[in-house]
Every structure is written in structure tokens, then in C-alpha cells.
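Structural characterization, general
Listed below are the residues making up each chain.
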Amino acid sequence: MPQVNVMIAGKAYRMACGEGEEAHLEGLARFYDEKIGEMRQAFGEIGDMRLHVMAALMVADEVHELRQRVGRLEADLAATQGNAGATDRRLTEIEDRAAEALVAAAERIEGVAKSLIPTAVG
């Protein structure tokens, strides 16, 4: 199992991860380290544990908001897909009626054409 070294709040941590996930884990560590840096800039030196907890809560809040947004987007997508399905059914009905009207018109035209053809006198 691969391992990577990451730096968070100036401390090195050796972490295990799945094959091929090294860069992803390093990116997550950088993201979290940046959150701690933001907290440190906003509140100064208030203790490492408190900074870690506050940064973790910020990340958890962002995840919560993103999950809510994804839920709303999924609901919107489902509604749109439902509307598209209804529109497709309506379009099929209109196409069927148009085809029936064209067949009826063709039959009438054929009837008129036959009535215009002179009949042979025997």
C-alpha cells in the first residue's frame, strides 16, 4: 500500500492510501492546510487543536452546503427529465395525429383525382 508524506499546519504526517491515490491525498492535505492557514489569519494563534477543529468544521460546512446544492440540482434534473418525457409523449401524439391527417388528405386527393379521370365509354 503506497504511503505519502503530507504537511499540515507545519507538521509532517505519513499517510497510507490506495494505489494511484497519492496525488489526490496530497491535494486534500494541501486543501486542509490552506483552511488552517485561513483560520490562523482570521483568528491569530489560538492553539493548534482549536485551529484544526475550526478548519474541520469549515470543511464540514462546505461539504454540507455542497450536498444540499447537489440534492437541489438532482431534484431539478429529475423534474426536467420528467418534463422532457411528457414533452416526448405529447410530440409523439402530435406526430401520430399529423400522420393520420396526411393519410386522410392523400385518400381525399386520390378520390378527387379519380373523379377527374374520364371514364371509358364502351
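In short, a report on the structure. Note that this is a predicted model, so its numbers are computed, not measured. All residue numbers refer to position in the chain's written sequence, counted from 1. Local features are withheld for residues below a pLDDT of 70 in this predicted model, meaning they are given only at 70 or higher, and side-chain atom pairs are given and counted only at 80 or more; totals for whole chains, interfaces and linings count all residues. Hydrogens and water are ignored here; the side-chain numbers use all heavy atoms of the structure.

**As for the side chain of Lys-35**
Rules: In this text, helices come from DSSP runs of H or I with a minimum length of four residues, and strands from runs of E with a minimum of two, each type numbered from the N-terminal end. Burial here depends on accessible area, computed with a 1.4 Å probe over protein chains only, as a share of the maximum for the residue type. Under 20% is buried, over 50% is exposed, and the range in between is partly exposed. Each polar contact in these results corresponds to two N or O atoms within 3.5 Å; when the atoms are within protein, one needs to be able to donate a hydrogen and the other to accept it, and residues that are neighboring in sequence are counted only if both atoms are side-chain atoms. Pairs of residues are marked as contacts when any of their non-hydrogen atoms sit within 4.5 Å.
Inspection of the secondary structure assignment puts Lys-35 in helix 1 (residues 22–43). Overall, the relative accessible area of 7% leaves Lys-35 in the buried class. Only 2.5 Å separates the side chain of Lys-35 from the side chain of Glu-62, close enough to count as a polar contact. Ignoring any residue separated from it by four or fewer positions in sequence, one finds Lys-35 in contact with Ala-55, Met-58, Val-59 and Glu-62.

**Some details on the pattern of salt bridges**
Just so we agree on the cut-off: Salt-bridge detection follows one rule: a side-chain nitrogen of Lys or Arg within 4 Å of a carboxyl oxygen of Asp or Glu.
Counted according to the given criterion, the structure contains six salt bridges. Across the pair Glu-93 and Arg-90 runs a salt bridge whose closest N-O atoms are separated by 3.7 Å. Of the two residues, Glu-93 and Arg-90 both sit in helix 2 (residues 48–116), three residues apart, roughly one turn of that helix. Take Glu-93: its relative accessible area is 42%, and that puts it in the partly exposed class. Given the relative accessible area of 43%, Arg-90 is considered partly exposed. The structure contains a network of salt bridges with shared partners spanning Lys-11, Arg-40, Glu-45 and Asp-48.

**Some thoughts on unusual backbone geometry**
Despite not being glycine, Ala-9 shows a phi value in the positive range, around 55°. One can find Ala-9 in the loop between strand 1 (3–8) and strand 2 (11–16). Overall, the relative accessible area of 15% leaves Ala-9 in the buried class.

**Considerations on the side chain of His-52**
Along the polypeptide, His-52 turns up in helix 2. Those residues in contact with His-52 that lie beyond four places of it in its chain are Ile-8, Ala-9, Tyr-32 and Ile-36.

**What about helix 1?**
Put simply, the rule reads: Multiply 1.5 Å by the residue count of a helix minus one, and that product is the helix's expected span. Regarding the arc, it is the one traced by the directions from the helix axis to the C-beta atoms.
Given a rise of 1.5 Å per residue, 22 residues ought to cover 32 Å, and the 32 Å separating the end C-alpha atoms of helix 1 matches this to within 8%. What helix 1 keeps buried is the set Leu-25, Ala-29, Tyr-32, Lys-35, Ile-36 and Met-39. All buried residues of helix 1 lie within an arc of 115° about the axis, which places them on one face of the element. Turned more than 90 degrees off the buried face of helix 1, the exposed positions are Ala-23, Arg-30, Gln-41 and Ala-42. The inward-facing, buried residues of helix 1 contact strand 1, strand 2 and helix 2. Once helix 1 ends, the next one or two residues include Gly-44, with phi positive near 75°.

**Focus: the nonpolar core**
Grouped burial of nonpolar side chains is what soluble globular proteins tend to show. Just so we agree on the cut-off: What makes a nonpolar core is a set of buried Ala, Val, Leu, Ile, Met, Phe, Trp, Tyr and Cys residues whose side-chain atoms join them at distances within 4.5 Å.
The biggest cluster of nonpolar side chains holds 12 residues, and these are Val-4, Val-6, Ile-8, Ala-9, Cys-17, Leu-25, Ala-29, Tyr-32, Ile-36, Met-39, Leu-51 and Ala-55. Within the residue set of this core, elements represented by two or more residues are strand 1, helix 1 and helix 2. The leading source of residues in this core is helix 1, at five residues.

Treat this as a map of the structure, not an account of what it does.
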